[in-house]
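# Structure assessment
Take a look at the letters that make up each chain.
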Amino acid sequence: MSAVIENHHDDHHHGPAKGLKRWFYTTNHKDIGTLYLWFSFAMFLIGGAMAMIIRAELFQPGMQIVEPEFYNQMITLHGLIMIFGGVMPAFVGLANWLVPMMIGAPDMALPRMNNLSFWILPFAFFILLSSLFMEGGAPNFGWTFYAPLSTTYAPPSTTFFIFSVHIMGASSIMGSINVIVTIMNMRAPGMGLMKMPLFVWSWLITAYLLIAVMPVLAGAVTMMLMDIHFGTSFFNAAGGGDPVLFQHIFWFFGHPEVYIMILPAFGIVSHIIETFSRKQLFGYSSMVWAMLSIAILSFVVWAHHMFTVGMPLAAELFFMWSTMLIAVPTGVKVFNWIATMFRGSITFETPMLFACAFVVLFTLGGFSGLMLAITPADFQYHDTYFVVAHFHYVLVPGAIFSIMAAVYYWIPKWTGNMYDERLGKLHFWLSFVGVNVTFFPQHFIGLAGMPRRVPDYALQFADWNMVSTAGAFLFGFSQVFFLFIVIKTVVGGKKATAQVWEGARGLEWTVDSPAPYHTFTTPPKVS
Amino acid sequence: MSGGNYYVPDSSRYPIFAAVSLFLLVMGAGGTINGVANGSTVLYIGFATMAVTMFFWFRTVVQEHLAGLDSAQLKKSYVFGMAWFIFSEVMFFGAFFGALFYVRNFAVPWLAGEGEKGAPIAFVQEMGVDFWTGFQNTWPVIATPDAGDAYEMADKSMAFPGWSHVAEWLPLWNTIILLSSSVTVHFAHLGLKNGSRKAFNRWLGATVGLAVIFLGLQAAEYYEAYAHYGLTLNSGIYGSTFFMLTGFHGFHVFLGCCMLSVMLVRSVFFNHFETHDHFGFEAASWYWHFVDVVWVMLFFFVYII
């Protein structure tokens, strides 16, 4: 019998292994959660630096700083890194840290596979970033990599881009299988499905979406690879294929992907609003059903990204109405959050500030989404800065604010130290102002007709672009400040109690702060 | 629901070895395709390290099982894990089937000028401009819209050749073989449940044999296509969908065959698997039934209609 098995009993009495081995070989959900969170933070800063290059170029009309080719590589990598390297790993990191503690499980269901899911990611992004130094430069076709830009006209590094997407997908699928199995199989006795914390519910649904669509993305990039190197004609009309087919397959993945990046945020915000309103969450079961409806609807709305591509009228109408239907369950959630706050004894600590900003600004992003859902109107808005404003409103003050809220909310549980409340509030206000100054003017220039993904633009858009760039640098530097706050909290600070927040509910608040290396080795009883 | 102590493995070096192997594998594959020096060497090293890592990783899991470390609850994690993995595979094939349906129902008719969205092409053709004139909406697409040198023209497709030639139609034989192998693997399972290791080994051996025959016939069909039909990956959309769908299916048959062979070796040489405790085999047999179902879909949508 191998040493692996014999050591196992000692392990539970000891803390983590020492040195780098701890991080390379770990099977501990808290270690892996930490790895995911730091990785996503690094990617957030790298993707953010690319955004700064983009905004600096757009500060004034005319070509200022970078070549158009390089600009295209920046917009492509910025999108890919923020989505696959920033937001998604951050949510997986939160799931790793929180799901086992919230359901009273000793760890994730398949701990070794959990480690593999993480360690694939640094390699995948090393490949993606190394494409910048390859002949012909990095991928330059936008994060949506539409054919034929990504096939016939693509740089040679596209091959490596394709393989990096493949292994990112493998990582996501394994991670999601782990989350689903953990939730289905590892809940403490007495915790029925409808007693699960909402963050756990949101991740159960997210993991299902991931397992359903990441293989479709793998299929799409495989077809690209075959078209580029092996003579197939999936996306080539001359051979009987269709470039529009690429868009259909891509968005069949892409739209559920959008909800993958927002459903965990719904879970996080529900917990935070409940805690700081000191009331039970309003409408728990309707929250669950709303998330389920959103998830199911997400599979039948994909072509609203391609209204101008030339689809039959029936398809345009179907995708318009199905898209608008999503506003109903989303509205249920927004009203539930407001109803939870109604007559609560609210305090506005940093997590609550981020959560409130989330509710308002995400709703704003949702409304611009409704505008885009109207097919005839979309013919006007399509591929303009209005779209850029829309999806940045749902992703930055949506997904990313929720991640920041989660970090402030749970960091006392992770580190045992309280963050500095004054610095946290300052970070919030800088981010809040920065994000709105950056993205709100983009609605105006978009409606006025400025196309997205351009390094240069007509003179009439100059003023608002200048404002937007100023906001972007404010937001960007605020995140370096966030890094400082996080490090400061990890290093020291006021000791946190086990309960941490007065109104917090849930099993994770019953264990010490910082949470011991192993929690719930015997499951707690949930009544 | 959790009852007692769940086995949480100690830290392990296999996952990161697997991650490094995967990295070498894809860097090697990309390098080979792009013609980078030593690309294929890296690829082979990646394959080798991956195989070794997986061998030791699975060996550890089996040893843990034999040592009695996995509770009923842990077994359930493996069961759920395998089920969701197969679901992800279903969605992967879904992408290729989706492409096939889209091309057949929309792209090809429109390219031939049919329907509302084909009208612009029809109009251009009527104006006498040589814009894919003469392209017909037929399936299989033998003549591509652009009839230039870019495409290899196939003489024949893999579709049903008519009742007079049915006996030499390989896909039919492959269907019979693969369907029978699903039955034999089920008999193997029944044998195990009834406590007969002999029956289990024989039926499982028969299944692996059928799998190998299937792969051989599939290779023969590909040879036929390339050598005699002129049907290649480069023959336009029909060749693309045909080879990608059957190719990925064949690759999955190969994987399933490897899984079943491992189970056979475990049973014959190590006496693994108990009457009521044999999820390793069950997982492989689920996978086998899955590739069988995919084949039935393929036979129907790729070969028959």
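Calculation notes
- Residues numbered from 1 in each chain as written.
- Chains lettered and ligands numbered in written order.
- Predicted model: local features only at pLDDT ≥ 70, side-chain atom pairs only at ≥ 80, totals over all residues.
- Heavy atoms only, no water.
- Helix = DSSP H or I, 4+ residues; strand = E, 2+ residues; numbered from the N terminus.
- Rg over C-alpha atoms; globule rule 2.2 N^0.38 Å.
- Buried < 20%, exposed > 50% of the residue type's maximum accessible area, 1.4 Å probe, protein only.
- Contact = heavy atoms within 4.5 Å.
- Expected span 1.5 Å × (residues − 1).
- Buried area = accessible area lost by both parts, 1.4 Å probe.
- Salt bridge = Lys/Arg side-chain N within 4 Å of Asp/Glu carboxyl O.
- Polar contact = N/O pair within 3.5 Å; in protein donor to acceptor, adjacent residues only side chain to side chain.
- Nonpolar A, V, L, I, M, F, W, Y, C, P; charged D, E, K, R; others polar.
- Phe/Tyr/Trp six-rings, centres within 6.5 Å; stacked < 30°, edge-to-face > 60°.
- Core = buried A, V, L, I, M, F, W, Y, C linked by side-chain atoms within 4.5 Å.
- Domains from an automatic or database assignment.
- Axes fitted to C-alpha atoms, helices over the stretch in contact; angles between N-to-C directions.
- Parallel < 35°, antiparallel > 145°, perpendicular 65-115°, else oblique.
- Left-handed = near helix turned anticlockwise from the far one by under 90°.

Our focus in this paragraph is the overall build of chain A. A tally of regular secondary structure across chain A gives 18 helices and zero strands. Taking 527 residues into account, the globule formula puts the C-alpha radius of gyration at 24 Å, and chain A, at 23 Å, falls close to it. Taken over 527 residues, chain A has a buried fraction of 66%. For chain A, the proportion of contacts with a sequence separation of at least 24, taken over those separated by at least 6, is 82%.

For helix α7 (residues 237–270) of chain B, built from 34 residues, the straight-helix expectation of 50 Å at 1.5 Å per residue is met to within 8% by its first-to-last C-alpha distance of 48 Å. Just beyond α7 of chain B, the residue with positive phi is asparagine 271 of chain B, at close to 55 degrees.

Before going further, it helps to spend a moment on the interface of chain A and chain B. Between chain A and chain B, the residue contacts involve 81 residues of the former and 71 residues of the latter. For the pairing of chain A and chain B, the buried interface totals around 6600 Å² over both sides, and the portion due to carbon and sulfur atoms is 73%. The largest share of the area that chain A buries against chain B comes from Tyr25, Arg112 and Asn185 of chain A, three residues that together contribute 12% of it. Our count for the contact surface shared by chain A and chain B stands at one salt bridge. As a salt-bridge pair, arginine 112 of chain A and glutamate 64 of chain B come within 2.8 Å of each other at their nearest N and O atoms. Put simply, chain A and chain B have 13 residue pairs in polar contact (both at pLDDT 80 or more) between them. Mapped by element, the contributors of at least two residues to the side of chain A that touches chain B are α1 (3–6), α2 (8–11), α3 (19–25), α6 (111–130), α7 (158–185), α8 (198–229) and α9 (243–260) of chain A. Broken down by element, the side of chain A that touches chain B gets its largest block of residues, 12 residues, from α8 of chain A. Considered class by class, the residues forming the side of chain A that touches chain B number 51 nonpolar, 25 polar and five charged.

Glancing now at the packing of aromatic side chains. Residues and elements named next belong to chain A. In total, this model carries 94 aromatic pairs over all chains according to the counting rule given. Seen in terms of ring centroids, phenylalanine 235 and phenylalanine 246 are 5.2 Å apart; in terms of plane orientation they differ by 90 degrees. Their pairing is edge-to-face. One end of the pair, phenylalanine 235, is in the loop between α8 and α9; the other, phenylalanine 246, is in helix α9, with 11 residues separating them in the sequence. Classification of phenylalanine 235 as buried rests on a relative accessible area of 3%. Assessed through its relative accessible area of 0%, phenylalanine 246 is described here as buried. Consider the rings of phenylalanine 276 and tryptophan 501, whose centres lie 5.0 Å apart with planes at 65 degrees: the pair is edge-to-face. Of this pair, phenylalanine 276 sits in helix α10 (residues 263–277) while tryptophan 501 sits in the segment after α18 (462–491), and the two are 225 residues apart along the sequence. Like tryptophan 501, phenylalanine 276 is buried.

Here we come to the nonpolar core. Residue and element names in this part refer to chain A. Counting residues in hydrophobic clusters, the biggest one holds 281 residues, and the most contacted among them are Phe84 and Phe125. Top contributing element to this core by residue count: α8, with 23 residues. Apart from the residues within four sequence positions on either side, phenylalanine 125 is in contact with Phe39, Met43, Leu80, Ile81, Phe84, Gly85 and Met168. Residues Leu372, Ala377, Phe386 and Val387 belong to the second largest nonpolar core, which totals five residues.

What follows is about the domain arrangement of chain A. Residues and elements named next belong to chain A. We note that the domain assignment places domain 1 (25–238) and domain 2 (262–519) within chain A. Here the C-alpha centroids of domain 1 and domain 2 sit 19 Å apart. Contacts between the two partners involve 58 residues from domain 1, matched on the other side by 59 residues from domain 2. Across the domain 1/domain 2 interface, buried area totals approximately 4800 Å², and carbon plus sulfur atoms make up 75% of it. Counting every contact that joins domain 1 to domain 2 gives 16 residue pairs in polar contact (both at pLDDT 80 or more).

A separate point is unusual backbone geometry. Residue and element names in this part refer to chain A. Cis geometry marks the peptide bond from alanine 147 to proline 148; its omega dihedral reads 5 degrees. Note the cis peptide between serine 513 and proline 514, where omega equals -5 degrees. Tracing the sequence through the fold places proline 514 in the segment after α18. Its identity is not glycine, yet phenylalanine 145 carries a phi of approximately 30 degrees, on the positive side. Of note, phenylalanine 145 is situated in the loop between α6 and α7. With a phi angle near 60 degrees, arginine 343 is a residue other than glycine that sits in the positive phi range.

The next subject is the packing of α8 of chain A against α9 of chain A. Residue and element names in this part refer to chain A. The contact between α8 and α9 brings their axes to 9 Å, and the two run at 150 degrees. On the basis of their axis angle, the class for α8 and α9 is roughly antiparallel. In terms of crossing hand, the pair formed by α8 and α9 is left-handed. Across the interface between the two elements, Thr206, Leu209, Leu210, Val213, Met214, Val216, Leu217, Ala220, Met223 and Met224 of α8 pack against Phe246, Ile249, Phe250, Phe252, Phe253, Pro256, Glu257, Tyr259 and Ile260 of α9. Each residue belonging to the contact of α8 with α9 can be placed in one class, and the counts come to 17 nonpolar, one polar and one charged.

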